[in-house]
Amino acid sequence: MDTDGTYDGHAMQRGHVPGPATPTPVTAYVPPPLAPPKPAHAPAAVPSLADWAGVPRPQSEPGVWRFGHEPRKEEAAEAATDRSLLIGAVISFLACVLLWSLLTNNYIPYADVPVKLFTPRDWWEFGGGAADHRGTAALQAYELLLTGALVFWFSRLGSWSLAFERLVAARGPGARVAGAAAVALFVAMLIATRTLPADDLVFSHLPYPELGRAVTLAVNLLFVVLYGPVLYLFLRLAGWRGPRGRSTSPATAAAATPARPETGGPDDPARWPQLRAAGLGDVAERLEAEAGRGLMNDVDYTRIRRAWDSVRVDPSRMRAFADAVRDKGAGACAHPSGARDLPVRAARHDLLARQVLLGTVEDGTRNPYPRRGTALALDPDVLGTSLLAVGPSGTGKTRHLVRPVVESLSLQALAGQAAVVAVGAAGAQLGPDAAFDVVVRVGDPASVYDLDLYGGATDPDEAATLLAEAFVGDVPEIDVRRAATALAQLLGPFRAAYERFPAVPELRELLDGLPTALDTLRRDLAGQHAMLRELDARARQHGAPADPGPALADRVALLDRPVFAGFFDTTGQGRPFSLRALEHPIRVRVDLPERGHADASRMLARLLLAQFNAAAAARTDRSLFAFLAFDDASHTLTAGTVRGVQRLRSAHAGVLLTLRTLDDVPEELRTPLLGSVGCRMAFSGVTTWDGKRFAEAWGTEWVETRDVTHRTVFADQPLTRLMHSFRKLVTGKAVTTDAVTVRQVERERWSASDLAHAVPPGHAVLSLTSVRGERAAPLLVRLAGTS
């Protein structure tokens with residue numbers, strides 16, 4: 001991508017394409033304090049857009065990085081040692097020779113009974129011998145069949161082919177050819193010396209006088225028939241794969257490898273076959289030409305594909321789509337901001353699969369065999385079930401999880417596929433300002449945008465419910481519904497009088513019950529009897545023992561500070577951001593003043609989560625994936641917001657919640673929280689009591705255990721006792737026998753102790769659930785950027 005050089009090393013990896021056609025602005029160079037480390041290797045060539053688009057992306061389990069993914073081969077049985085292979089092959093060969101010698105020399109009685117049962121009686125004499133050449137030929141054929149059966153059975157029993165591959169062929173092509181030649185010479189010697197009756201069976205029964213001059217041709221043909229299969233067999237053993245040099249059939253190869261469109265062919269995605277099929281050949285030619293000249297990047301390609309998908313749904317848009325592409329080429333159907341890429345990318349992305357690479361599944365016994373060593377990625381299909389990540393400070397939650405996910409969804413927003421809101425403390429590394437359309441710096445006078453305290457709501461009851469959840473949702477002694485009623489009794493009359501909701505100072509005065517504020521509101525409500533009754537009801541309840549008004553006033557006072565003066569404006573003079581904008585592909589970052597105003601920041605975080613739950617569910621157009629990412633969700637969750645998170649899955653939305661510990665969530669909400677999210681992530685260093693909650697959520701599985709018991713052998717015979725005594729004298733150990741018990745037991749997938757002590761630094765244990773209900777068991781993942 002066109003970056004300032006910071007992430008160019010990552011951009012040279014597989015799956016990246018050239019940057020956008022528009023150059024990034026040049027900034028003043030500031031020399032780094034230290035020289036960057038020396039690259040470990042030269043940068044690889046950046047694949048072209050056509051190569052990137054043509055890479056197969058097969059459907060896989062949740063969390064699999066689909067770009068060029070190839071399923072792992074089935075788990076092989078436990079490999080035998082070279083010594084055991086050699087001993088097994090030698091012993092089985094000697095046993096085969098012994099049994100073959102006993103059979104062919106008639107040491108085993110009645111061995112020839114089967115051939116006599118299936119041949120005419122006049123072929124045999126009364127004593128059992130062959131009466132003529134027909135019986136002799138039958139015995140010779142029968143002997144060859146027995147020899148082949150013995151060789152086949154003992155070769156399988158002794159694993160001759162595996163022994164040849166491991167002990168001979170593994171030493172190189174020369175050793176393979178020499179070994180195959182030695183075995184071929186041995187078989188040829190057995191045939192030439194008539195140890196095997198192949199020559200006698202083929203050549204001794206020919207009617208030579210009747211063949212006349214054709215006898216030479218017949219003999220040569222029989223030589224080919226006899227020795228041709230033997231020669232072909234040992235050529236294959238030597239590594240020859242036929243005239244085309246294929247080790248597998250084309251059908252097998254096609255089944256093993258996902259089909260990739262031919263470059264430049266009619267199905268090449270870079271040639272836009274869907275547009276050509278719709279009769280827009282000139283449009284496809286324009287896009288193909290711009291991709292060939294490097295004027296199109298992955299965001300452009302994905303954005304135009306999504307625009308074409310909308311044209312297929314509504315064909316009336318086809319003319320506008322075609323005109324836009326003819327006019328602007330790869331810049332057609334651009335994002336409202338005009339941006340076609342992010343300033344920098346900190347992670348690897350595949351926009352066609354809508355995935356961001358998080359890391360690699362460890363190749364260890366703790367992970368299921370098919371997932372070991374595979375790349376792990378996140379996409380809206382799993383993020384739509386929401387994700388909870390827990391880990392102490394410094395474990396990389398922001399760097400390895402929040403930043404890549406926000407960056408991925410920002411790219412998808414540029415492609416018209418998502419809307420993302422990132423919430424963090426001021427200074428959190430969630431991305432540069434240029435990567436967002438809206439940056440709200442609460443408490444910063446230089447902030448261009450303000451935050452809508454009421455979330456764009458126009459109904460006083462809805463606005464009161466959101467505020468009550470944010471203000472007192474974390475206070476167990478106060479009923480949120482009573483608080484919402486108290487707020488609605490003030491917001492409704494105020495909006496009826498002034499056609500807007502109160503600003504923070506005005507709301508505080510009303511909650512405190514200041515007579516001047518209430519009298520002014522009554523005077524402006526003249527004639528509106530319903531609203532006057534609401535105001536009178538609030539006045540009667542003010543000061544009652546169970547009145548939530550004082551607690552609400554105390555919470556509003558946290559926002560009525562000089563640092564927040566000019567924020568939360570309701571008069572229409574500012575530029576407030578409302579979460580009602582989730583129907584548009586918008587990129588938003590909200591910086592909260594965590595350092596100096598921690599309580600106010602937590603209250604605003606609760607407000608944003610409540611507003612997001614309401615706005616995502618109220619959308620009429622849910623084609624965009626809406627996502628809210630919290631860099632720190634401590635003291636943010638309430639009973640109402642946890643229930644709201646559960647309903648996001650059906651609204652095509654999700655949230656990312658990161659916590660330092662589950663102790664930052666009320667005790668009664670920890671189990672519901674783990675049950676409301678579909679994806680759970682435990683970083684290294686979690687405590688055992690946090691690990692216990694994850695272990696309970698991940699459940700148990702059936703595993704096979706092997707118990708070995710050592711038992712001392714007590715001999716009864718004097719000679720055996722003497723041998724055992726001598727062995728104990730030499731080895732210093734008593735003679736024992738091992739008893740192995742194999743059984744199926746039910747164990748936790750990850751225990752609390754394992755999560756606390758067995759997860760290495762730079763790793764995490766992650767379980768995933770897709771919106772379709774597909775699940776991935778907890779996986780130990782090495783996060784990207786860690787060694």
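Below or above, wherever it landed, is the structure these notes cover.

Definitions and limits used
Residues numbered from 1 in each chain as written. Predicted model: local features only at pLDDT ≥ 70, side-chain atom pairs only at ≥ 80, totals over all residues. Heavy atoms only, no water. Helix = DSSP H or I, 4+ residues; strand = E, 2+ residues; numbered from the N terminus. Buried < 20%, exposed > 50% of the residue type's maximum accessible area, 1.4 Å probe, protein only. Contact = heavy atoms within 4.5 Å. Areas by Shrake-Rupley, 256 points an atom, 1.4 Å probe, with all protein chains shown as cover. Patch = residues over 30% accessible without salt bridge, like charges linked within 9 Å, V, L, I, M, F, W, Y side chains within 5 Å. Salt bridge = Lys/Arg side-chain N within 4 Å of Asp/Glu carboxyl O. 1 Å grid on protein atoms, 1.4 Å probe; cavity = no way out; pocket = protein on both sides within 12 Å on 5 of 7 lines; lining within 4 Å. Points joined across faces, edges and corners; volume = space filled by probe spheres on them. Nonpolar A, V, L, I, M, F, W, Y, C, P; charged D, E, K, R; others polar. Core = buried A, V, L, I, M, F, W, Y, C linked by side-chain atoms within 4.5 Å. Phe/Tyr/Trp six-rings, centres within 6.5 Å; stacked < 30°, edge-to-face > 60°. Lys NZ or Arg CZ within 6 Å of the ring centre and 35° of its normal. Arc of directions from axis to C-beta. Pairing = 2+ DSSP bridges. Expected span 1.5 Å × (residues − 1). Axes fitted to C-alpha atoms, helices over the stretch in contact; angles between N-to-C directions. Parallel < 35°, antiparallel > 145°, perpendicular 65-115°, else oblique. Left-handed = near helix turned anticlockwise from the far one by under 90°.

1. What to know about the overall build of the protein chain
So, point 1. The helix and strand inventory of the protein chain stands at 29 helices and 16 strands.
So, point 2. A total of 787 residues make up the protein chain; the buried ones form 43% of that total.
So, point 3. A separation threshold of at least 6 residues defines the contact pool for the protein chain, and within that pool the share at least 24 residues apart is 74%.
So, point 4. As displayed, the protein chain offers around 41,100 Å² of accessible surface, 57% of which is attributable to carbon and sulfur atoms.

2. Regarding a nonpolar patch on the surface
So, point 1. Taken together, Leu86, Val90, Phe93, Leu94, Val97, Phe186 and Met189 make up a surface patch of nonpolar side chains, about 610 Å² in accessible area.
So, point 2. Going through the elements one at a time, helix H3 (82–104) and helix H7 (173–192) are the ones with two or more residues in the nonpolar patch.
So, point 3. With 5 residues, H3 is the largest single contributor of residues to the nonpolar patch.
So, point 4. Turning to its location among the elements, Phe93 is positioned in helix H3.
So, point 5. The exposure class of Phe93 is partly exposed, given its relative accessible area of 36%.

3. Quick look at the layout of surface pockets
So, point 1. Empty space within the largest pocket amounts to approximately 1,500 Å³.
So, point 2. Along the wall of the largest pocket there are 38 residues; nearest its centre are Val151, Trp160, Val183, Val187 and Phe234.
So, point 3. Contributing elements (two or more residues each) for the lining of the largest pocket: H3, helix H5 (133–158), helix H6 (160–167), H7 and helix H10 (215–237).
So, point 4. Of the residues that constitute the lining of the largest pocket, the class distribution is 28 nonpolar, 6 polar and 4 charged.

4. Structural notes on the nonpolar core
So, point 1. Phe471, Phe568, Phe577 and Phe612 are the most contacted members of the largest nonpolar core, which has 92 residues in total.
So, point 2. A total of 10 residues in this core trace back to one element, the largest contributor, which is helix H24 (residues 598–618).
So, point 3. The contacts of Phe577, once residues within four sequence positions are left out, are Val421, Val438, Val440, Asp450, Leu451, Asp452, Ile586 and Val588.

5. Digging into the environment of Pro392
So, point 1. As for its position among the elements, Pro392 is in the loop between strand E4 (387–390) and helix H17 (397–414).
So, point 2. For Pro392, a relative accessible area of 25% gives the class partly exposed.
So, point 3. When the C-alpha positions of Pro392 and Gly685 are compared, they lie 6.4 Å apart, and in sequence the two are 293 residues distant.
So, point 4. Sequence-distant contacts of Pro392, that is, excluding residues within four places in its chain, are made with Lys397, Arg660, Ser684, Gly685 and Val686.

6. A few points about the side chain of Gln417
So, point 1. Assignment of secondary structure puts Gln417 in the loop between H17 and strand E5 (418–425).
So, point 2. Looking at Gln417, the relative accessible area reads 10%, which means it is buried.
So, point 3. Each residue touching Gln417, except ones within four places of it in the same chain, is listed here: Thr302, Arg306, Leu351, Arg354, Gln412, Ser623, Leu624 and Phe625.

7. Describing the packing of aromatic side chains
For any pair of aromatic rings, the description rests on two quantities: the centre-to-centre distance and the angle between the ring planes.
So, point 1. Summed over all chains, the structure comprises 12 aromatic pairs.
So, point 2. One aromatic cluster in this structure is built from Trp52, Trp272 and Tyr301.
So, point 3. A cation over an aromatic ring shows up here: Arg57 above the ring of Trp52, its NZ or CZ 5.2 Å from the ring centre.
So, point 4. Sitting above the plane of the Phe501 ring, Arg495 keeps its charged end 4.9 Å from the centroid.

8. Some points on empty space enclosed by the protein
To locate leftover empty space, one rolls a probe as large as a water molecule over the atoms.
So, point 1. All told, the structure shown has 2 cavities of 30 Å³ or more when counted by the stated rule.
So, point 2. Each pocket or cavity is described by its volume, and for the largest cavity that value is around 70 Å³.
So, point 3. For the largest cavity, the full set of lining residues is Leu342, Pro343, Val344, Arg403, Val406, Glu407, Ser410, Leu430, Gly431, Pro432, Ala435 and Phe436.
So, point 4. Of the residues contributing to the lining of the largest cavity, the split by class is 8 nonpolar, 2 polar and 2 charged.

9. What about the pattern of salt bridges?
So, point 1. For the structure shown, the criterion picks out 42 salt bridges.
So, point 2. Residue Asp433 pairs with Arg589 through a salt bridge whose shortest N-O separation is 2.7 Å. Here Asp433 is found in the loop between E5 and strand E6 (438–441), whereas its partner Arg589 is found in strand E9 (residues 587–592), with 156 residues between them in sequence.
So, point 3. When its relative accessible area of 37% is taken as the criterion, Asp433 is described as partly exposed.
So, point 4. Overlapping salt bridges bring together Arg271, Arg276, Glu285 and Glu288 as one network.

10. Some thoughts on helix H15 (residues 318–328)
Owing to its 3.6 residues per turn, the α-helix aligns residues three or four sequence positions apart on the same side.
So, point 1. Listed in full, the buried residues belonging to H15 are Phe321, Ala322 and Val325. Projected onto a plane normal to the axis of H15, the buried residues spread over an arc of 95° and lie on a single side. Exposed residues pointing more than 90 degrees away from the buried face of H15 are listed as Arg319, Ala320, Asp327 and Lys328.
So, point 2. At the C-terminal side of H15, Gly329 shows a positive phi close to 65°.

11. As for the pairing of E9
Working note: regular strand, side chains alternate between the two faces of the sheet.
So, point 1. With 6 of its 6 residues buried, E9 lies for the most part within the structure.
So, point 2. The side-chain alternation of E9 yields two buried faces, one formed by Arg587, Arg589 and Asp591 and the other by Val588, Val590 and Leu592.
So, point 3. Pairing geometry for E5 and E9, over 6 bridges, is parallel. Considered in E9, the bridge of Val420 is made with Arg587.
So, point 4. Here 4 bridges tie E6 to E9, and the two strands are oriented parallel to one another. If you follow Val438 over to E9, its bridge partner there is Val588.

12. Points about the environment of Asp452
So, point 1. Along the chain, Asp452 falls in the loop between strand E7 (450–451) and helix H18 (460–472).
So, point 2. When neighbours within four sequence positions are excluded, Asp452 is seen to be in contact with Pro576, Phe577, Ser578 and Gln611.

13. Examining helix H28 (residues 718–731)
So, point 1. Its 14 residues give H28 an end-to-end C-alpha distance of 20 Å, which sits within 8% of 20 Å, the value for a rise of 1.5 Å per residue.
So, point 2. When you tally the buried positions in H28, you get 0 out of 14 residues, a small fraction of the element.
So, point 3. Among the residues trailing H28, Gly732 stands out with phi positive, at a value near 80°.

14. Details of the packing of helix H20 (residues 504–512) against helix H23 (residues 549–559)
So, point 1. Here H20 crosses H23 at 160°, and the two axes come no closer than 9 Å. The angle between the axes of H20 and H23 places the two elements in the roughly antiparallel class. Crossing angle aside, the handedness with which H20 passes H23 is left-handed. Taken together, the residues of H23 that come into contact with H20 (itself represented by Val504, Leu507, Arg508, Leu511 and Asp512) are Gly549, Leu552, Ala553, Val556, Ala557 and Leu559.

15. Some details on unusual backbone geometry
So, point 1. For Cys333, which is not glycine, the phi torsion reads 55° and is therefore positive.
So, point 2. Turning to its location among the elements, Cys333 is positioned in the loop between H15 and strand E1 (349–350).
So, point 3. By relative accessible area, which is 31% here, Cys333 ends up partly exposed.
So, point 4. A positive phi angle, close to 60°, is found at Glu499, a residue other than glycine.
So, point 5. Tracing the backbone through its elements, the reader meets Glu499 in the loop between helix H19 (480–498) and H20.

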